[in-house]
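Descriptive structure summary
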Amino acid sequence: MNARRFLSLGLLLALCAEGAWAGYRLTGVSPLTPAGLSDKGSFADPQWSPDGRSLSYEFLGAGGDTAEAYTAEFFDSGGPTPHLGAAVPVVAPAGAAKDPFALRSTTTATVSESVAWGPPKGKGQRLAVAATRQAVERGAPLVNFDLYLSEPGRKRFLTTSTENDAHPAFSPDGEYLAFSSGLTGQGDVYLYHFFADADPLVQLTFEPGGPELYPAWDPGGGRLAYVGHLGGTDHVYVIDDVRKLAGERDPARRRSLARTLARDLTPGRKMTCLAPSFSPDGKWVAFFSREKTGEEADLYVVSAAGGEPRRVVHGALPENRRGPRWTPQGDGFVVVLESAEKLNPLAWVPLSGGPPVELASGTQLNADPCPKKLGDSLYLVFTAQGGTDSSQKRWRKLYWGRLVPDRTN
Amino acid sequence: MGRPLKTFFSRLFLVFAALLSLGGRGLAAGYDSLVEQGGFYLERGPAYGADAVRALEAALAAEPSRASADARVLSALARAYALVSRYTESAWMLDAWKESGGWNAEGEALRTRLLTESGLARLRLVSAAPLEPLTLALKTAADTRLDLAARKAFDRLTELLGRTRSLEPGGLTFLVPEGRFELSCSGPGLFSPRAPVAVELTAGEENVLRLIPFIPARESWKVVFANRSVALSWPGNDGSVYELTRETRGKSDVVYRGRETQAGDEAPAAGETASYTLKTFDAAGEWLAASSLVVEGRSPVSRLSAAAALETDLRVAVTWELGEGSVDRVRVVRRRGLQEETLAEVHDPARLQRGALRDGPLWPEGDSVALSYRVEAWLEDAGSASASGTAKVELPRRVAYVTDVVQSIERGAVVVQWETFPKEGAAQGYRVYVQKGDGLEGELVARVEDPFAREYVYDVEDPMKASGWHHFVVPYVGDRVFLDFRTLTVRGKPPEESFERRLARGAKLPNVALFWDPCEDAVAYEVAVAGRKEVLVTKPYVEFEGLQSPLLGASHTVTVTAVTATGTRVELLKQELAYRHYPRPARKEQK
């Protein structure tokens, strides 16, 4: 036996001694309570800022009619429990005075949702939300969302149409903000080009048969995935060269070009596809899919280059605002399994397609898992309807925990 | 209906509505109408922002003083400017509004919006003193991209910056989109920055750029040149600290740092310049102002005047005066005939521009001597003198001898006066002898150290007795004396009777009689006294008369040479005659 073979055997023995890789387990789960917000209200859609220093979330106060997006600084000093700083509304309140610039919301009772973090700008963070300018009252028949930008030294609405604009997503370089808009009547994917020479709005999809929604960028910023309606069902599409498409100034030619650049990643699929998301390496596109609304959803991945989608988990709870949550390493997903018996547990699902590994969180009716790698640690924030041992289950709370590699002996 | 046409009619309707709202007062009405118009357009939203600005600016122009105190106008203008992306002017209007009174929550909201939420940064220019006129220009850096709103704001700002303005010490704030820019500032009163300045602006933050006024003005500097130095002074303020820097040939040196308002420095060389920069700081070290001045090195001295005068002590006073210019040394050369001699090289700065020296004493010679003094101004390393001047003096003839000596008694003192040949001649001095009796040895009374002396007075105890004394005056130069040989007579005829008989009959005896053994082949004898007096005698005998004066203070060689019939000359005798031979001291011994 030569030395190399001896070393290999040693390494194998060492691995065996540690146990086989079995996914993750969740530790240290505890609630996160932003300062300055009532403890009576529900949280939703927590999102990490790109630098991991802040969290965004939506909060529906007990006495409020509308939900609002907030941010709060995230502090983890190495103690047992991190904490959040003061809650800061993303949309600047109008205050008592009239907004002379028509760039603020005209009321304090706005609705804001779908926080999209952009690349950091200067000394601060850049983010966009879909928000209302007008006061929104309970049961209002018509709510108009516009896109609102918040960055250091700048807060303003970007869009002004009377139709809804939603699902903002920054391109990785921050040059574009992709979003869905009802500007043309049925929902199309648009770009807001921050450095446009003239009109910053660039329509990317033109299909008359149905809406195109939930744009999602690939990490390289060259491709854009979205959900498009085709033949009575929703498919996942990808535009392979979105910058080329955006660079075409003539709308007619752009319309023509869009047909050649947009690819159906789920051709022939009968099931409805929900919001897509690119894997961190840009090779895969993941999406939830189900037969009908209200039925169980499955999580699929498909090669971004095209191919047959592969189901990685059955019976998952789809996201409301965005596509499936990849782990930062891209080795799988953190999902919520739809289980009435287990009250929707969190689970890690390997990309390879192995069985989901439930993440014991001590919480119930979980939702919105959002992992983030900070330093050497892998954090997870999510919302839940309280701990299993808690009697207070009325309000959906924010929780956090650490995902640690799990090995079986 | 096409969109543009639609807009046109929409606007027409609004103008009409505006007219109605003014209650028939008409557009041509005054201030109040214009303000109302502005308010009306303002209510219509951003599309009418330009109309609102136009109307409100017209109101401002119509009654500036009233408008500047009218919160209605100022607030409306602030909003109108903001609607047309003229954010800086909007902020200025807010400031004016705040100062004029009537400030309210709406103003505060406007201000907050502008300063912290509009995506604009504040570029604040400050100066310690007013700068007017000041022209500014802003250019985006190559790596700065402006979005649509920022470009619009930047275009409006560029128009604003293009107008000449003044910068008061309170400062001026411009609202600039976020990014990196090059700011160019120009104006006659501006010292710095002269080159474009790179500024990086972050939205919502303030960036302060201090402009340095050109103070003090160049005209207020005082520059005083010495030969190779320069003294600079400037008007100052209490508490200020100054730093004076000189730059020559690309090298920069701090010449002075302190609270004084003056400093001295080496002057630049001819043909060179020195650029002085004066920076003024306050007590805390903040750079407040600066000024600069270029000092040109002065040309070499081109004019030089020289003068020379012979003084009574036979010294020559040489003086010179240089014109404007630089000089490193002065050289004084004396020329005597063909011979030149450098008398001095003057480097002392105190003596360069105007100086003097004394040459001598210069003892006279047989003839008068022309002397010229050339004074030259030199720069070091120069190949030739940059300027020169020449002055001449004539050294008088030396006194050949004293011709007449007159003595008198005046007020108890002996007054000895004498004449010389030549009359205006000079000597180093004059020895005055007195002979207090016939046949007595003369005594030296004084050495009169005055080249041109013609009189000597001295006191005596017995003037009556002194009246019988006999005085001799012998001019001298160094060890040499100059005697009057005219009184010396040499007679070669042997006496026919003895001295005794001559005395007996009262005849005068010669001073000295000299006789020698005859030479067989001699047909004559040549007798010479001190080379000055010669006589040819046939007998070996001569008598000397008038030896008193020539022998005073000196000795003379008497030479007797035999001259044969063939002309051969043979020296027979050489005898030193000195005063001691007269009045024959041996005679007393003979007694």
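None of the values given here were measured: they were computed from a predicted structure.

Moving on, we get to the overall build of chain B. When its secondary structure is counted, chain B shows 13 helices and 36 strands. Buried residues in chain B amount to 46% of all 591 residues. Within the structure as shown, chain B displays about 30,200 Å² of accessible surface, and the carbon and sulfur contribution to it stands at 50%.

Take the sheet that holds strand β21 (residues 369-378) of chain B next. Residues and elements named next belong to chain B. Spatial ordering of the open sheet is given by β19-β18-β21-β22, a layout of four strands whose pairing is antiparallel. One side of each edge strand has no neighbouring strand; the edge strands of this open sheet are β19 (339-346) and β22 (387-395). The average undirected angle you get between the axes of adjacent strands in this sheet is 20 degrees. Where strand β18 (residues 329-336) and β21 come together, eight bridges link them in antiparallel fashion. Bridging across to β21, R331 finds its partner in E376.

With that settled, consider the layout of surface pockets. All names here are of chain A. Looking at the second largest pocket, its volume works out to about 1,200 Å³. Along the walls of the second largest pocket sit 39 residues, with Q47, W117, W217, R322 and R325 positioned nearest its centre. When residues of the lining of the second largest pocket are traced back to their parent elements, those giving at least two are β2 (41-48), β7 (112-121), β11 (165-170), β15 (212-217), β19 (272-278), β23 (325-326) and β27 (367-374).

So, about the interface of chain B and chain A. With 26 residues of chain B at the contact, the number on the chain A side is 22 residues. Considering only the side of chain B, the residues that lose the most area to chain A are B:R113, B:E117 and B:R145, jointly responsible for 30% of the buried surface there. Between B:R151 and A:D197 there is a salt bridge, with its nearest N and O atoms 3.9 Å apart. Here chain B is connected to chain A by ten residue pairs in polar contact (both at pLDDT 80 or more).

What follows concerns the side chain of A:E151. Residue and element names in this part refer to chain A. Within the element layout of this structure, E151 appears in strand β9 (residues 145-151). At 2.7 Å, the side chain of E151 and the side chain of R126 are in polar contact. In contact with E151, other than residues within four places in its own chain, are K121, Q125 and R126.

Bringing unusual backbone geometry into the picture now. With glycine set apart, most residues show a phi of negative sign, and most peptide bonds adopt trans. Each neighbour pair has its own omega, and for B:S192 with B:P193 the value is 0 degrees, a cis peptide bond. The residue B:P193 is located in the loop between β6 (190-192) and β7 (197-201) in this model. Cis geometry is found at the peptide bond from B:F421 to B:P422, where omega equals -5 degrees. For B:P422, the position within the fold is in the loop between β24 (413-421) and β25 (429-435). With a phi angle near 50 degrees, A:L365 is a residue other than glycine that sits in the positive phi range. Position of A:L365 among the secondary structure elements: in the loop between β26 (357-359) and β27.

Let us now look at the sheet that holds strand β24 (residues 332-336) of chain A. Residue and element names in this part refer to chain A. With antiparallel pairing, the four strands of this open sheet are ordered in space as β23-β24-β25-β26. In this open sheet, the two edge strands, each paired with only one partner strand, are β23 and β26. As defined by bridge partners, β24 adjoins strand β25 (residues 346-350) across five bridges and the pair is classed as antiparallel. Counted as the bridge partner of V336 is L346 from β25.

Bringing empty space enclosed by the protein into the picture now. Residues and elements named next belong to chain B. Counted by the stated rule, this structure contains three cavities of 30 Å³ or more. In this model, the largest cavity occupies a volume close to 40 Å³. Lining of the largest cavity is provided by S85, R86, Y87, T88, E89, A153, R156, L157, L160 and L175. Elements that contribute at least two residues to the lining of the largest cavity include exactly α6 (87-100) and α8 (148-161). With four residues, α8 is the largest single contributor of residues to the lining of the largest cavity. Residue classes in the lining of the largest cavity are distributed as five nonpolar, two polar and three charged.

All names here are of chain A. Side chains of E291, E295, E296 and E338 sit close together on the surface and give a patch of like negative charge. Mapped onto the secondary structure, E295 falls in the loop between β20 (284-290) and β21 (297-303). Using a relative accessible area of 35% as the deciding quantity, one classes E295 as partly exposed.

A few words on the confidence of the model for chain A. Residues and elements named next belong to chain A. Chain-level statistics for chain A give a pLDDT mean of 85 and a share of 86% at 70 or above. Long-range and interchain partners of residues 1-18, a stretch whose pLDDT sits below 50, account for five contacts in this model, where long-range means more than four residues apart. For the stretch residues 100-106, pLDDT sits under 50, and the model shows 31 contacts to residues farther than four places along the chain or on other chains.

This paragraph deals with the pattern of salt bridges. On inspection of all chains with the given rule, the structure shows 61 salt bridges over all chains. For A:R223, the salt bridge identified is with A:D218, shortest N-O distance 3.2 Å. When the shortest N-O distance is used, the salt bridge between B:E543 and B:R502 registers 3.0 Å. One end of the pair, B:E543, is in strand β34 (residues 541-545); the other, B:R502, is in helix α11 (residues 499-504), and 41 residues separate them in sequence.

Quick look at α8(B) now. Residue and element names in this part refer to chain B. With 14 residues, α8 extends 20 Å between its outermost C-alpha atoms, agreeing within 8% with the 20 Å of an ideal straight helix rising 1.5 Å per residue. Against the buried residues of α8 lie α6, β1 (120-127), β2 (131-140), β3 (165-167), β4 (172-177) and β5 (179-186). Between the side-chain oxygen of the N-cap and the backbone nitrogen of A149 there are 3.2 Å, and the N-cap of α8 in question is D147.

All names here are of chain B. Here helix α2 (residues 31-43) crosses helix α3 (residues 49-62) at 160 degrees, and the two axes come no closer than 8 Å. Of the possible angle classes, the one that applies to α2 and α3 is roughly antiparallel. By crossing handedness, the relation of α2 to α3 is classed as left-handed. Where α2 approaches α3, its residues Y31, L34, V35, Q37, G38, Y41 and L42 are matched on the opposing element by D51, A52, A55, L56, A58, A59 and A62. Classifying every residue of the contact of α2 with α3 by side-chain character gives eleven nonpolar, two polar and one charged.

Our next topic: the environment of B:G171. Residue and element names in this part refer to chain B. Within the fold, G171 resides in the loop between β3 and β4. Residue classification places G171 among the partly exposed residues on the basis of a relative accessible area of 22%. For the pair G171 and L209, spaced 38 residues apart in sequence, the C-alpha separation works out to 9.7 Å. Apart from residues lying up to four places away in sequence, G171 is in contact with R124, L125 and V126.

What follows covers the pairing of strand β3 (residues 54-61) of chain A. Within a regular strand, the side chains alternate between the two sheet faces. Residue and element names in this part refer to chain A. Burial runs high along β3: seven of the eight residues are buried. By the bridge criterion, six bridges tie β2 to β3 in an arrangement that is antiparallel. Within β3, the position partnered with Q47 by the bridge is S56. Hairpin connection, β2 to β3: the antiparallel pair is bridged by five residues, and G52 has positive phi, about 75 degrees. In terms of strand pairing, β3 meets strand β4 (residues 67-75) through seven bridges, oriented antiparallel. The residue of β4 that forms the bridge with S54 is E73.

Looking at the element boundaries, B:L483 is found in the loop between β29 (480-481) and β30 (489-491). Residues B:L483 and B:Y401, 82 residues apart in the sequence, show an inter-C-alpha distance of 5.2 Å.

Cut-offs and rules
- Residues numbered from 1 in each chain as written.
- Chains lettered and ligands numbered in written order.
- Predicted model: local features only at pLDDT ≥ 70, side-chain atom pairs only at ≥ 80, totals over all residues.
- Heavy atoms only, no water.
- Helix = DSSP H or I, 4+ residues; strand = E, 2+ residues; numbered from the N terminus.
- Buried < 20%, exposed > 50% of the residue type's maximum accessible area, 1.4 Å probe, protein only.
- Areas by Shrake-Rupley, 256 points an atom, 1.4 Å probe, with all protein chains shown as cover.
- Pairing = 2+ DSSP bridges.
- Axes fitted to C-alpha atoms, helices over the stretch in contact; angles between N-to-C directions.
- 1 Å grid on protein atoms, 1.4 Å probe; cavity = no way out; pocket = protein on both sides within 12 Å on 5 of 7 lines; lining within 4 Å.
- Points joined across faces, edges and corners; volume = space filled by probe spheres on them.
- Contact = heavy atoms within 4.5 Å.
- Buried area = accessible area lost by both parts, 1.4 Å probe.
- Salt bridge = Lys/Arg side-chain N within 4 Å of Asp/Glu carboxyl O.
- Polar contact = N/O pair within 3.5 Å; in protein donor to acceptor, adjacent residues only side chain to side chain.
- Nonpolar A, V, L, I, M, F, W, Y, C, P; charged D, E, K, R; others polar.
- Patch = residues over 30% accessible without salt bridge, like charges linked within 9 Å, V, L, I, M, F, W, Y side chains within 5 Å.
- Lys, Arg positive; Asp, Glu negative; His and termini not counted.
- Charge placed at Lys NZ, Arg CZ, Asp CG, Glu CD.
- pLDDT = per-residue confidence, 0-100.
- Expected span 1.5 Å × (residues − 1).
- Parallel < 35°, antiparallel > 145°, perpendicular 65-115°, else oblique.
- Left-handed = near helix turned anticlockwise from the far one by under 90°.

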